[in-house]
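Read off the chains here:
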Amino acid sequence: MEIIGEKEVPSDSQPTQITNFPREILVRILQQLKAADLLQCTKVCRAFRDVVGSCEVQYKLEVEYAGMEDGDDVETPITDRLQALRDYEDGWSTATFHRQPTSDPAAASANSASTHVRGISFLGSVIPTLVGTDLRLLRPSSPLRRIAERRWTIPLAELGIVPDFCSVDLSQDLVVVSGHRGDRSMACYLLSLNAGGRALGHPLARLSPYTYSRSYESVGETTMKASVHEDLVGWLIRETFVPDGSACTLMIYNWKTGTRILHIRPSPQLTFSFLGHCALAVGYEDEVDLYILCPSSHATDIQVAQRICTLRFPELSDPMNQLNIHALALQIPRTSRYDHGCLFRPDPESAVLAVDFGIYDMDADLVGTFALFVPLSSLLGLVDAYAPKVRPTTNEGAFAPSSSRDAWGSKDGDIRIFSWDAWAGKSARLVRFQHGHSFMSAFGSKCAMAFTGSLSDPCRVDTFVFDVRRWTHAPPSRCNRGDDGDLQHASQFFSCVDSSMVGGEADVFAGIAGTLTRSDLRIRVRHKHFECDNVISPFVAAAQSHWLALVEDGLAYMYLNPENAVDARGPTAHYSFSV
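Reading the values: rules and limits
Residues numbered from 1 in each chain as written. Predicted model: local features only at pLDDT ≥ 70, side-chain atom pairs only at ≥ 80, totals over all residues. Heavy atoms only, no water. Helix = DSSP H or I, 4+ residues; strand = E, 2+ residues; numbered from the N terminus. Contact = heavy atoms within 4.5 Å. Areas by Shrake-Rupley, 256 points an atom, 1.4 Å probe, with all protein chains shown as cover. Pairing = 2+ DSSP bridges. Axes fitted to C-alpha atoms, helices over the stretch in contact; angles between N-to-C directions. 1 Å grid on protein atoms, 1.4 Å probe; cavity = no way out; pocket = protein on both sides within 12 Å on 5 of 7 lines; lining within 4 Å. Points joined across faces, edges and corners; volume = space filled by probe spheres on them. Nonpolar A, V, L, I, M, F, W, Y, C, P; charged D, E, K, R; others polar. Expected span 1.5 Å × (residues − 1). Buried < 20%, exposed > 50% of the residue type's maximum accessible area, 1.4 Å probe, protein only.

Now for the overall build of the protein chain. Counting secondary structure elements, the protein chain contains 11 helices and 37 strands. Long-range contacts, defined as pairs at least 24 residues apart, comprise 61% of the intrachain contacts of the protein chain with a sequence gap of at least 6. Accessible area for the protein chain stands at about 25,500 Å²; split by element, carbon and sulfur atoms hold 50% of it.

Next up on the list: the sheet that holds strand 11 (residues 174-180). Strand order in the open sheet formed by five strands is 6-10-11-12-13, and the pairing between neighbours is mixed. Taken across any chain shown, the strands that pair with only one partner, and hence form the sheet edges, are strand 6 (121-123) and strand 13 (210-213). Averaged over all neighbouring strand pairs, the angle between strand axes comes to 15°, with direction disregarded. Examined bridge by bridge, strand 6 and strand 10 (residues 162-169) share three bridges and lie parallel to one another.

With that settled, the discussion passes to the layout of surface pockets. In this structure, the second largest pocket spans a volume of roughly 720 Å³. Along the walls of the second largest pocket sit 29 residues, with Lys 34, Glu 64, Tyr 65, Met 68 and Asp 347 positioned nearest its centre. Taken together, the elements giving at least two residues each to the lining of the second largest pocket come down to helix 4 (55-65), strand 3 (68-70), helix 5 (78-94), helix 7 (376-386) and strand 32 (460-469). For the lining of the second largest pocket, the element with the highest residue contribution is helix 4, accounting for six residues. Of the residues that constitute the lining of the second largest pocket, the class distribution is 13 nonpolar, five polar and 11 charged.

Here the focus is helix 5. Compared with an ideal rise of 1.5 Å per residue, which puts 17 residues at 24 Å, helix 5 spans 24 Å between its outermost C-alpha atoms and is within 8% of the ideal. Those residues of helix 5 not exposed but buried are Arg 81, Leu 82, Ala 84, Leu 85, Arg 86, Tyr 88, Glu 89, Gly 91 and Trp 92.

This is the structure:
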């Protein structure tokens, strides 16, 4: 007999087994686990398998598998939430594109200068259009997530710009509008979303607008990207020169302090994506640099960008071929007050960076087009591991002197160089396209691509939404529901890269396949297509007069009608769907 406290306990008593706990307690315990661990629990015993199969645990399992996180609605029964989640996932396959109007009767009745509805290139979960001189903003509704539709109007006449790019951050009520001014310059305004129908600067913006004067030799310029994340705003401008082609300039600011953090001067190919509040990826022709944005003593007063490592892409078997990075696509979901009461929302930790790159022969003809999917968590792991200036103790990477990056504001000492196998390996998934695609967009764990008209059907647009998840196996409930989506029907457009590509005509891709066959990322694909009213000519595609944008709950595709291809202010054809 043992005495515990003041209670006598028989010495031969057996400890209570966890399977003897009440079911409600077991559910609470298992709900604290990650989804991958929950799948392992199904292999422990029948009792655990039955608990994992309950609605409460199954909802947690499937919401994580969908790249979502639980919302703040606590009144809806768990069975209804689970059904709404499944209907939402299926809705990405069943929703259809709809043609949006190209004129606004209300504007015509108000004697507006123009009744044309012109789409604008954009990032974020809000779709902008220009009606006359008014910027119309729409956040589509999502009944399955309990998200209501919202609309805003901002008059731009007093700003004196022709906008060509717009980004909206609902979490900060911030609208970033970039465009041309009449004095051979460009401007980037930071506006308040809720200013009572007026174009007012955001109250937290220290400096607005930012301006850029084009070079004397330039014959034109356009905003390639204007992106915002928390305190950071990035502005990428492309100038056109005759006869030397084009060059891109990147500027990164802390918009709350007015500090210019980084300025990368004209480069033939340049793209970027924010990896978070203090990390940045910049893509050049054939490699990607990771920067850490170093703060001073004040939390929001970021002063300088420091390049910490370079991610190399594979060497091609044919030295006459050249690899060219087209774009980096990443949008990290952020919660806003407009999400209040939603059932579930995109999980920032599931975000994926998509890298669009191509291989060109000596005649500059496209040989192959690829999309590389890399979990944001993998890239942040590199940032966290190598931000301190500590020399490596292994041969995994190699230090090299700073290359001649023409960047103002960058402090470079020795930086780490990672080969393709070292940084991609198991952390990435590669897809090869049979045809060149028109554009790429990403939001959270999803990435979208579009293929424009072919010779057989020049009015057809095919779109694909890839859902990228770090899962070796899907939950049983999703496997029974056709988890790969439209993957089998999409083989005419793309294929996942593996070792079978190496050999014969695929030798050009031998260096790319490499270790990517070990990737533990899973891809689910949704395929949709629609017929345009007009033929999408190569000129329109080459002029980049089209835009594909993935938003929280849908997809938008806009292009300039061929008869208006030389008029940037003409109406656009706008097709979209929402779940």
